Structure formats: structure tokens, C-alpha cells
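# Chain and residue survey
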Amino acid sequence: GYDGGDCLDFNEKYPDCEANNPSWLGDGTCHGGAYNTEECGYDGGDCFAFNEAYPGCDVTFPSSVGDGKCNSKDYNTEACGFDGGDCQALNGILEKYPDCEISKPKWLGDGECDG
């Protein structure tokens, strides 16, 4: 079993890891959810820097934090460093115009008048 022996190393290192794609562990990208857990070695070590920088940030795609694009909701929080600093422009607008509701923050400053 275990995929012709391909999963023996994974099963030995992470016996309680419930990640769907074991090959993603240690691939250089921090994945969220089941991957960024103690059982999965914090994504095979890929999430150590992220967890250190944003210890209370629990998002689906940690690699989106600080990627240059403001992601709303769970990412634009103090725990996530306001999306790793990506939401500074949006938060400045919201502070200046508190009644402004922006559903697509990535449209701000994109060079198009989106109405």
C-alpha cells in the first residue's frame, strides 16, 4: 500500500497529518488549513516564518498575506498585519470616509473607474 511506497516517508514524519496533498508539505509555499498544523509540521516547515510574523492570523491562503494585493475580511485584520500591509490604502480611505463600503478592495487604485 501507501501509493507503492511513495507515502512511507510522509506517513513516518507526519502520522497524524490529514492534508489532502502530502506533496505540498515542504514545497516552499505556506498553505493554510490542515497543512499549517502541528500534526503536519506547519506545512513541512513552510509556515514557520508566517506563523512567527502573524501568530494569530488564521487564513485559508497564508501566501496571500503581503502579496501586494489587499484581500478583505479575514486578511485585513490586526492579527494578519492588515494583510501584511497590503490594505494600508484601503484602511486610509475607510478612516477618512467611514461610511464607505468597498466590496472589491483590489479595484482601488487599479487605474479604472469602477463606479
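For the structure itself, look to the data block above.
A short tour of the structure in this document, coming up. In this text the structure is predicted, and so the values were computed from the model without any measurement.

## Here we look at the overall build of the protein chain
If you tally the helices and strands in the protein chain, you get five helices and zero strands. Counting from the amino terminus, the protein chain carries its helices and strands in the arrangement α-α-α-α-α. For a compact globule of 115 residues, the expected C-alpha radius of gyration is about 13 Å, and the protein chain comes in at 18 Å, more than 25% above that figure. When its C-alpha atoms are laid out on the principal axes, the protein chain stretches across 60 × 25 × 20 Å. Counted over contacts in the protein chain with a minimum sequence separation of 6, partners at least 24 positions apart contribute 15%. For the protein chain, the accessible surface area stands at approximately 7900 Å², while carbon and sulfur atoms represent 46% of it.

## A short note on the pattern of salt bridges
Counted according to the given criterion, the structure contains one salt bridge. A salt bridge links Asp 9 to Lys 13, with the nearest nitrogen and oxygen atoms 3.8 Å apart. A residue pair is termed a helical-turn pair when its members lie 3 or 4 positions apart in one helix, as Asp 9 and Lys 13 do in helix H1 (residues 8–13) at four residues. By relative accessible area, which is 47% here, Asp 9 ends up partly exposed.

## Points about the nonpolar core
In terms of nonpolar packing, the biggest core is built from nine residues, these being Cys 30, Cys 47, Phe 50, Tyr 54, Cys 57, Val 59, Val 65, Tyr 75 and Cys 80. If we ignore the near neighbours within four places in the chain, the residues touching Val 65 are Phe 50, Tyr 54, Cys 57, Val 59, Tyr 75, Cys 80, Asp 83, Gly 84 and Asp 86. Counting seven residues, the second-largest nonpolar core is a separate cluster that includes Phe 10, Cys 17, Ala 19 and Cys 40.

## Side note on the state of the cysteines
With the rule as written, the count across this model stands at four disulfides. Through a disulfide, Cys 17 is tied to Cys 40; the S-S separation comes to 1.9 Å. The disulfide joining Cys 17 to Cys 40 has a torsion of about 95° about its S-S bond and is therefore right-handed. Residue Cys 17 is found in the loop between H1 and helix H2 (41–44), and its partner Cys 40 is found in the loop between H1 and H2; the two are separated by 23 residues along the sequence.

## A look at the environment of Glu 38
Along the chain, Glu 38 falls in the loop between H1 and H2. Assessed through its relative accessible area of 62%, Glu 38 is described here as exposed. In this structure the C-alpha to C-alpha distance between Glu 38 and Cys 17, which are 21 residues apart in sequence, comes to 8.4 Å.

Cut-offs and rules
Residues numbered from 1 in each chain as written. Predicted model: local features only at pLDDT ≥ 70, side-chain atom pairs only at ≥ 80, totals over all residues. Heavy atoms only, no water. Helix = DSSP H or I, 4+ residues; strand = E, 2+ residues; numbered from the N terminus. Rg over C-alpha atoms; globule rule 2.2 N^0.38 Å. Contact = heavy atoms within 4.5 Å. Areas by Shrake-Rupley, 256 points an atom, 1.4 Å probe, with all protein chains shown as cover. Salt bridge = Lys/Arg side-chain N within 4 Å of Asp/Glu carboxyl O. Buried < 20%, exposed > 50% of the residue type's maximum accessible area, 1.4 Å probe, protein only. Core = buried A, V, L, I, M, F, W, Y, C linked by side-chain atoms within 4.5 Å. Disulfide = S-S within 2.5 Å.

Interpretation note: all reported values are geometric properties and have no functional meaning in isolation.
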